[in-house]
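# Close look at the chain arrangement
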Amino acid sequence: MMGVAYKRNSAVFSDTVGAEEAETLLEWLQKHPKGKLDLAACTHLHAANLQVLMAARLAIHKYPTDESLAAWVKTALHTA
């Protein structure tokens, strides 16, 4: 389980991103409203994090390479 690595202007999601990451993700998004989100290496995203992404309405820079997860995220964010 790797979670989210926060960089200066990007949040890089990898492997499983659990519910415990949601609050930190929200705080990072509030501080970086133009930050980039890289979900390419993410294999599981807890719904709490998806809700944060839905509320933030920030563009996803890279969607998960896992096709089913990418479809789920795109549908939830209305980008499909």
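In this text the structure is predicted, and so the values were computed from the model without any measurement.

## As for the packing of helix H1 (residues 22-31) against helix H2 (residues 47-56)
The geometry of H1 relative to H2 is characterised by a closest axis approach of 9 Å and an angle of 20 degrees between their N-to-C directions. Taken together, the axis directions place H1 and H2 in an arrangement best described as roughly parallel. With respect to the hand of their crossing, H1 and H2 are arranged in right-handed fashion. Listed contacts from H2 to Ala-22, Leu-25, Leu-26 and Leu-29 of H1 are Ala-48, Asn-49, Val-52, Leu-53 and Ala-56. A per-class count over the contact of H1 with H2 returns 8 nonpolar, 1 polar and no charged.

## Side note on the packing of aromatic side chains
Throughout the structure, instances matching the rule amount to 1 aromatic pair. Look at Tyr-6 and Trp-28: their rings are 5.7 Å apart centre to centre, the planes differ by 40 degrees, and that puts the pair in the tilted class. With a gap of 22 residues between them, Tyr-6 in strand S1 (residues 3-6) and Trp-28 in helix H1 connect regions that are remote in the sequence. By relative accessible area, which is 7% here, Trp-28 ends up buried. Positioned over the ring face of Tyr-63 is Lys-74, at 5.0 Å from the centre of the ring.

## Side note on the sheet that holds strand S3 (residues 36-45)
Taken together, 4 strands build an open sheet; the order of strands is S1-S2-S3-S4 and the sheet is mixed. The open sheet has two free edges, formed respectively by S1 and strand S4 (60-62), since each of these has just one partner strand. Taken pair by pair, the neighbouring strands of this sheet meet at an average axis angle of 30 degrees, ignoring direction. When S1 meets strand S2 (residues 10-17), the two strands line up antiparallel, connected through 4 bridges. Opposite Ala-5, over in S2, you have Val-12 as the bridge partner.

Criteria and cut-off values
Residues numbered from 1 in each chain as written. Predicted model: local features only at pLDDT ≥ 70, side-chain atom pairs only at ≥ 80, totals over all residues. Heavy atoms only, no water. Axes fitted to C-alpha atoms, helices over the stretch in contact; angles between N-to-C directions. Helix = DSSP H or I, 4+ residues; strand = E, 2+ residues; numbered from the N terminus. Parallel < 35°, antiparallel > 145°, perpendicular 65-115°, else oblique. Left-handed = near helix turned anticlockwise from the far one by under 90°. Contact = heavy atoms within 4.5 Å. Nonpolar A, V, L, I, M, F, W, Y, C, P; charged D, E, K, R; others polar. Phe/Tyr/Trp six-rings, centres within 6.5 Å; stacked < 30°, edge-to-face > 60°. Buried < 20%, exposed > 50% of the residue type's maximum accessible area, 1.4 Å probe, protein only. Lys NZ or Arg CZ within 6 Å of the ring centre and 35° of its normal. Pairing = 2+ DSSP bridges.

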